[in-house]
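# Overview (structure and organization)
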Amino acid sequence: MPIIHRGFDLSAFQLSDETLELIRKRDELEERHRKYRMENADCARQYIDDSHGRASRDYYVPTLRKADKELREQEMQAVADGRPLPDRDEHLAEVRSRVKEYERVEPALARAAEQAESAVTDAIVKELPELAHQGFEQSERALKQYRAAIAKAEAAREQLAGSVSRFLWATTGGELTRPKWRGFSGALGEEVNAWRTTSDGRLTFDSAKDLGLIDQYRGNRAEFGDLVAPPEEDAA
């Protein structure tokens, strides 16, 4: 699980147990805050834009608006039926209580999450010298691994270049030993882009052109045509 602080992933660092515990508490509080706001979204104030589309100080609370609408419908029905009007305070009491609780709990959770974030920041700042050393050592190891991987890749490219050269030499009777197409620079490794085969184990027609086996002036130089697949449109 990633360990994120201010948008940066700290998972690769070896943080102290104390800092990890602070991060755990922070994440727990942030999740509680997020979940509480989501579950009680109808208790949050919704500010109304003015005539210019800018937020004003006027607002409404969705759950209160809904309860008031329900009450008005009950009042209308009561009047129509000749019954006494329902008690307004009694009808709205539960909703108002829920809204008041939200207006206390939500800011408290927000402040608790902010304080937890501040505690995490302070703890990480204290660990920065150690984390810098860890980053340095990780970079050294990564560089060694990178150089080893590059060396293997270069060796593999050299092997590919030799193999392609032998194929071209054999299939053209010694006429070609390197890929030969417009734009080919002869740089090590360009065979990687030129060598492509079909699912049945033949050189694709486009690959044969890239390698220089087929060109518009001399046609197919390959002496063993069964090694080259026909153009896609002909094969279709």
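Predicted model only: the values in this text are computed from it and were never measured.

## Thoughts on the nonpolar core
- Judged by nonpolar contacts, Val 164, Phe 167, Leu 168, Leu 176, Ala 194, Leu 203, Phe 205, Ala 208, Leu 211, Leu 213, Ile 214 and Val 228 together constitute the single largest core of 12 residues.
- Among the elements of the structure, helix 3 (88–171) and helix 5 (205–211) are those that each provide at least two residues to this core.
- Residues Cys 43, Ala 44, Val 61 and Leu 109 belong to the second largest nonpolar core, which totals 10 residues.

## Remarks on the packing of helix 2 (residues 62–81) against helix 3
- Look at helix 2 against helix 3: their axes get within 10 Å of each other, and the N-to-C directions meet at 170°. If you check the angle between helix 2 and helix 3, you find them roughly antiparallel. From helix 2, Thr 63, Leu 64, Ala 67, Asp 68, Glu 70, Leu 71 and Gln 74 reach across to helix 3, where they touch Arg 88, His 91, Leu 92, Val 95, Arg 96, Arg 98 and Val 99.
- Residue composition of the contact of helix 2 with helix 3, grouped by class: 6 nonpolar, 3 polar and 5 charged.

## A closer look at helix 2
- An ideal rise of 1.5 Å per residue puts 28 Å on 20 residues; helix 2 measures up with 29 Å between its terminal C-alpha atoms.
- Next to the buried residues of helix 2 lie helix 3.
- One or two residues past the end of helix 2 sits Gly 82, with phi positive at roughly 75°.

## With respect to unusual backbone geometry
- One non-glycine residue, Arg 6, adopts positive backbone phi at about 55°.
- Mapped onto the fold, Arg 6 is located in the loop between strand 1 (4–5) and strand 2 (8–9).
- For Arg 6, a relative accessible area of 66% corresponds to the exposed category.

Each value, and the rule that gives it
The residue numbers shown here count from 1 along each chain, following its written sequence. For this predicted model, a pLDDT threshold of at least 70 governs which residues receive local features, and a threshold of 80 or more governs which side-chain atom pairs are given and counted, while totals over whole chains, interfaces and linings are taken from all residues. Hydrogens and water are ignored here; the side-chain numbers use all heavy atoms of the structure. Definition used in this section: a nonpolar core is a set of buried Ala, Val, Leu, Ile, Met, Phe, Trp, Tyr and Cys residues joined via side-chain atoms within 4.5 Å. Only protein chains enter the accessibility calculation, which uses a 1.4 Å probe; a residue whose area is less than 20% of its type maximum is buried, one above 50% is exposed, and one in between is partly exposed. Counting from the N terminus, the helices are the DSSP runs of H or I reaching at least four residues and the strands are the DSSP runs of E reaching at least two. In this description, a line fitted to the C-alpha atoms serves as the axis of each element, helices being fitted only across the stretch in contact, and the angle between N-to-C directions of two axes falls anywhere from 0 to 180 degrees. What sets the label is the angle itself: under 35 degrees gives roughly parallel, over 145 gives roughly antiparallel, 65 to 115 gives roughly perpendicular, and the rest give oblique. Here, two residues are considered to be in contact whenever any of their heavy atoms come within 4.5 Å of each other. The residue classification treats Ala, Val, Leu, Ile, Met, Phe, Trp, Tyr, Cys and Pro as nonpolar and Asp, Glu, Lys and Arg as charged. All others, Gly included, are polar. What a helix should span is 1.5 Å times the count of its residues minus one.

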